[in-house]
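The residues making up each chain are set out below.
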Amino acid sequence: MNKTLLIFRHEFRHMIKRKAFIILTLIVPVLALVGIGVFQLVSTGGPPVVETFSIGYVDEAFGFDQCTTQGYVELVHFDTPGDAKTALINGDVSEYFVIPLDYLSTGVINRYTLKRQLETPPAIATAIKNFLTSNMLADKVPPETVYRIKYPLELVTTRLTETGEVATEQGGYGNVIIPAIFSLLLALSLQASTIYLVQGLGDEKESRLIEVLLSSVSPRQLLTGKVLGLGTAGLVQVVIWLASLPLLLNLASSTIGGFFGTIQLPANFLVLGIAYFILGYSLFAALSAGVGAISPSAREGQQLSMIYAMLVYVPLWFASFLFIFPDSPIWSVLTIFPVTAPIAAMLKLGVTGIAAWELAASLAVLVLSIILVMFLAIRAFRVYLLMYGKRPSWGEIIRSLRSG
Amino acid sequence: MLAVEVSHIAKCFADKVAVDNLSFSVIQGEMFGLIGPNGAGKTTTIRMMMDILKPDSGEVTIFGEKLNEATKNRLGYLPEERGLYKKLKVIDSIVYLASLKGVDRHSAAEKANELLNQTGMLASKNKKIEELSRGMGQIIQFIVTIIHDPQLLVLDEPFAGLDPVNTELLKGMLADLRNQGKAVILSTHQMNQVEELCDRILMINNGQSVLYGDLGEIKARYRGDSVLLDSEGELGEVPGVTSKRTHKGYTELVLDGRTTPQEILAHLISRSTVINRFEVATPSLNEIFLKEVGKKS
């Protein structure tokens, strides 16, 4: 059998037998199945019981005595602020507010609570707002109008294609959720592959096994076999995740419904998911081979590889920024910059979709980066593979890469 | 037939010359000693032979051709610093590394069992490498070196760290391999091992050749004009002997340069001297090395 294939088979088998690999591969579908199962168990016991709670109020403006039930909040009237404070301290109410005499002209409501909070919880604020609105409009407009004033907007957006047809992908969080989860998993997979490759090369250098291997195979065969073996294992992992997503989605949609019913897979998601994994993995493998070559030990290799392994998470750190400003040029930069491209592209695919030029630029830059880094990594590998114990200086590395 | 031919190879690291214009050849069926002190350039020379390092100049051929995948399968290499996959089982390590030498897995497993049995390691075949002692690990590494029946063996400090029992075991196996017609290159700084095992040697210092050739001829070349004698009774005057040096258990007779050791022996026998030991004084390889290095410096 071809020696590259032998190394490939050895690395692949070794990788898929690792506990960490098995756990990371299975944890996604297993956790999703457990989640669906738990929901079904809980939902068979009838609708959940929501606890109501009481907040007190003092009406100094006179006229706020109706509609004292707002959702899960019960509003309890007190004659004076002193009574309300005593009830709060005794635990009869969780907080209270005072409607001052000049409320109609100032809009000021004084709220008192024992808890330290960054801001008023939205549920409380909504309950107080609706209580005030309901009282001010009572007997003046019909109840339906009061309701509409309280909830004036049920926005339904329909996305049309350029020809005016209703688009198959309607956007929204339902479209983002799968690419976002996949991006996180892709980042984990790329980071894990990087760790294994750097560790493997570091171990072989540290244990001096590399000399035995190189007396049997060429550096090219060794590196190619390793990269393909670990990459195929990573691809198996990603394919398992990708294949399980539609199945889990259908299961969640049919059993849980609601938000899960709105989840969609963006067009080209599977194809681009695999393409970006292969390209992203190739780039990280080439970087890791270079780092493995110049590092005197597995530990130092891991530290060096963290520099680019952490960059892969940058798009995820700024994901909320993407949701708010989807058209920011920063996203185009992250989609084209090779180290962040796989994750940024998958996120963008879910939020706004990727323009054709952007996709082409992203893939082209990624491919060119892989060729360049692989070229430099093989040079570094040949020069430094026998160097143990001492890491060359950056000046030495640059000189040796130039001289070949 | 030449197993190895090295022509004028040189290698520099930064500003240090590791190997300087070195040439030698190794014949099939001989045990060849590559000797020299630590840092002499032995390991760098071997790495260039193994194509792990590229020489700055010069050429290496193995079995008449540049090292390629086919010739790599015909050589076994035991590096100075040993290492195997720590988490892998002994048998899996041997079979995998044998497969990289072109042996199919079934044959490799069979041969591995045979060699493990021969070295008394069969009971450890399913242990992980990390569970073995250092000496046991070295025996496994030696098995990895010879499992594919190589025609050329390159062993860098093979006895380092081995106990006397395993050292003798390895020596015996090496002698068997040489007797089977394989070329064995033994690199070491332990010159007594080389004296015991090797047919020819290359002695290097500071990357340069100091001595090269048949071990017996080299020693003969450095033979001094004296004999070592252990005899009973008073020796008295011996014709042709200019001086005597008394050592513990024997006397060194320094000859005048015209008289041969055979003439001295004949004279002693004619005087009915009881002789327990008569030996032409030959310096050890270590003494020869010190003499040569002293000359150069």
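Computed from a predicted model, the values in this text were never measured in an experiment.

Visitor: Would you mind going over the overall build of chain A with me for this structure?
Guide: Helix and strand counts for chain A come out as 17 helices and five strands. Here chain A, with 404 residues, has 34% of them falling under the buried criterion. For chain A, contacts bridging at least 24 residues in sequence account for 74% of all contacts bridging at least 6.

Visitor: Is there a simple way to explain the overall build of chain B in this structure?
Guide: Counting its secondary structure elements, chain B contains 10 helices and 13 strands. Dimensions along the principal axes, computed over C-alpha positions, put chain B at roughly 70 × 45 × 35 Å. Looking at the 297 residues of chain B, the share that counts as buried comes to 35%. Considering only contacts within chain B whose residues lie at least 6 apart along the sequence, 69% involve residues at least 24 apart.

Visitor: Explain the sheet that holds strand β5 (residues 110-113) of chain A here, please?
Guide: Residue and element names in this part refer to chain A. With mixed pairing, the five strands of this open sheet are ordered in space as β2-β3-β1-β4-β5. In this open sheet, the two strands that pair with only one neighbour each are β2 (69-70) and β5. One ladder, built from four bridges, connects strand β1 (residues 53-59) with strand β4 (residues 95-99); its direction is parallel. From the neighbouring strand, Tyr 57 faces β4, where its bridge partner is Phe 97. Each of β1, β3 (73-78), β4 and β5 touches helix α3 (residues 81-90); the most contacted strand, β1, lies at about 165° to it.

Visitor: Sorry if this is basic, but what is going on with the interface of chain A and chain B here?
Guide: By convention, interface size is frequently given as the accessible area that disappears when the constituent parts associate. Facing the 13 residues of chain A at the interface are 18 residues of chain B. Of all the elements in the fold, those that place two or more residues in the side of chain A that touches chain B are α1 (3-16) and α8 (209-214) of chain A. Along the lines of polarity and charge, the residues of the side of chain A that touches chain B split into six nonpolar, four polar and three charged.

Visitor: It is not clear to me how the domain arrangement of chain B should be interpreted in this structure. Could you clarify?
Guide: You can read the domains of chain B as domain 1 (2-220) and domain 2 (224-281). Here the C-alpha centre of domain 2 of chain B lies 43 Å away from the C-alpha centre of domain 1 of chain B.

Visitor: Is there a simple way to think about the nonpolar core in this case?
Guide: Burial of nonpolar side chains together is a common tendency in soluble globular proteins. Ranked by size, the top nonpolar core spans 139 residues in total, and within it Ile94(B), Ile143(B), Val154(B) and Ile185(B) carry the most contacts. The greatest single-element share of this core, amounting to 15 residues, is contributed by helix α10 (residues 269-294) of chain A. The contact partners of Ile143(B), leaving out residues within four places of it in the chain, are Ile94(B), Ala112(B), Leu115(B), Leu116(B) and Thr119(B).

Visitor: Looking at this model, I keep getting lost on the pairing of strand β11 (residues 241-247) of chain B. Mind explaining?
Guide: Moving residue by residue along a regular strand, the side chains alternate between the two faces of the sheet. All names here are of chain B. Bridging between β11 and strand β12 (residues 250-255) involves six bridges; their strand directions are antiparallel. From the neighbouring strand, Arg 245 faces β12, where its bridge partner is Glu 252. The antiparallel hairpin formed by β11 and β12 contains two residues in its connecting segment, where Gly 249 sits at a positive phi of about 90°.

Visitor: Even after reading the chapter, I still don't get the packing of α10(A) against helix α15 (residues 341-351) of chain A, so can you show me in this structure?
Guide: Angle between the axes and distance between the axes: these two values describe a pair of packed helices. Residues and elements named next belong to chain A. Contact geometry for α10 and α15: axes closest at 9 Å, N-to-C directions at 170°. Taken together, α10 and α15 sit at an angle that is classed as roughly antiparallel. Taking contact as the criterion, the partners of Phe 269, Leu 272, Gly 273, Tyr 276, Leu 279 and Gly 280 in α10 are, on α15, Pro 342, Ala 345, Met 346 and Leu 349. Grouping the constituent residues of the contact of α10 with α15 by class yields eight nonpolar, two polar and no charged.

Visitor: Any chance you could explain the packing of helix α5 (residues 122-137) of chain A against helix α6 (residues 143-150) of chain A here in plain terms?
Guide: All names here are of chain A. Where α5 meets α6, the axes come as close as 10 Å, and the angle between the chain directions of the two elements is 145°. Crossing of α5 against α6: the hand is right-handed. Of the residues in α6, those touching α5 at Asn 130, Thr 133, Ser 134 and Leu 137 are Val 146, Ile 149 and Lys 150. For the contact of α5 with α6, the per-class residue count stands at three nonpolar, three polar and one charged.

Visitor: Help me understand the confidence of the model for chain B in this model?
Guide: Interpretation of the predicted coordinates at a detailed level should be avoided for regions scoring low in pLDDT. All names here are of chain B. Chain-level statistics for chain B give a pLDDT mean of 88 and a share of 99% at 70 or above. Mean pLDDT in chain B bottoms out at helix α10 (residues 285-296), which sits at 76, and peaks at helix α3 (residues 90-99), which reaches 94. Of the two predicted TM-score estimates for the complex, the pTM is 0.71 and the ipTM is 0.80.

Visitor: Would you explain the environment of Lys182(B) in this entry?
Guide: Residue and element names in this part refer to chain B. Tracing the chain through its elements places Lys 182 in the loop between α6 (164-179) and β7 (183-188). Between the C-alpha atoms of Lys 182 and Leu 153, which are 29 residues apart in sequence, the distance is 7.5 Å. Once you skip the residues sitting within four places of it in the chain, Lys 182 turns out to touch Pro 150, Gln 151, Leu 152, Leu 153 and Leu 177.

Visitor: Whenever I open this one, the environment of Thr157(A) confuses me. Can you help?
Guide: Residues and elements named next belong to chain A. By secondary structure assignment, the location of Thr 157 is in the loop between α6 and α7 (173-206). Overall, Thr 157 belongs to the exposed group, with 7 C-beta atoms counted inside 10 Å. Counting along the chain gives 23 residues from Thr 157 to Ala 180, while the straight-line C-alpha distance between them is 22 Å.

Visitor: Is there a simple way to explain the sheet that holds strand β13 (residues 274-280) of chain B in this structure?
Guide: Remark on secondary structure: sheet strands pair via backbone hydrogen bonds, oriented parallel or antiparallel. All names here are of chain B. The strand order across the open sheet built from four strands is β11-β12-β10-β13, with neighbouring strands paired in antiparallel fashion. Among the strands making up the open sheet, the edge pair consists of β11 and β13. Between one strand and the next, the sheet's axes are offset by a mean angle of 25°, whatever the strand orientation. Against the sheet, helix α9 (residues 261-270) engages β10 (226-232), β11, β12 and β13, with an angle of about 180° to β13.

Visitor: Before we go on, may I ask you to explain the pairing of strand β3 (residues 31-35) of chain B in this structure?
Guide: All names here are of chain B. Summarising burial for β3: five of the five residues are buried, a large majority. Here β3 shows two buried faces, one formed by Met 31, Gly 33 and Ile 35 and the other by Phe 32 and Leu 34. Bridge analysis of β3 against β7 gives five bridges, and the strand direction is parallel. Along β7, the bridge assignment pairs Gly 33 with Leu 186. Here β3 runs beside strand β8 (residues 200-205); their pairing, made up of four bridges, is parallel. Bridge pairing in β8 links Phe 32 to Arg 200.

Visitor: Explain unusual backbone geometry to me, please; I cannot follow it from the model alone.
Guide: Generally, phi is negative for residues other than glycine and the peptide bonds are trans, each holding for most cases. Even without a glycine there, the phi angle at Asp139(A) is positive, about 70°. For Asp139(A), the location among the structural elements is in the loop between α5 and α6. With a phi angle near 55°, Asp149(B) is a residue other than glycine that sits in the positive phi range.

The rules we used
Residues numbered from 1 in each chain as written. Chains lettered and ligands numbered in written order. Predicted model: local features only at pLDDT ≥ 70, side-chain atom pairs only at ≥ 80, totals over all residues. Helix = DSSP H or I, 4+ residues; strand = E, 2+ residues; numbered from the N terminus. Buried ≥ 20, exposed ≤ 12 C-beta atoms within 10 Å, placed from the backbone. Contact = placed C-beta atoms within 7 Å. Pairing = 2+ DSSP bridges. Axes fitted to C-alpha atoms, helices over the stretch in contact; angles between N-to-C directions. Nonpolar A, V, L, I, M, F, W, Y, C, P; charged D, E, K, R; others polar. Domains from an automatic or database assignment. Core = buried A, V, L, I, M, F, W, Y, C linked by C-beta atoms within 7 Å. Parallel < 35°, antiparallel > 145°, perpendicular 65-115°, else oblique. Left-handed = near helix turned anticlockwise from the far one by under 90°. pLDDT = per-residue confidence, 0-100.

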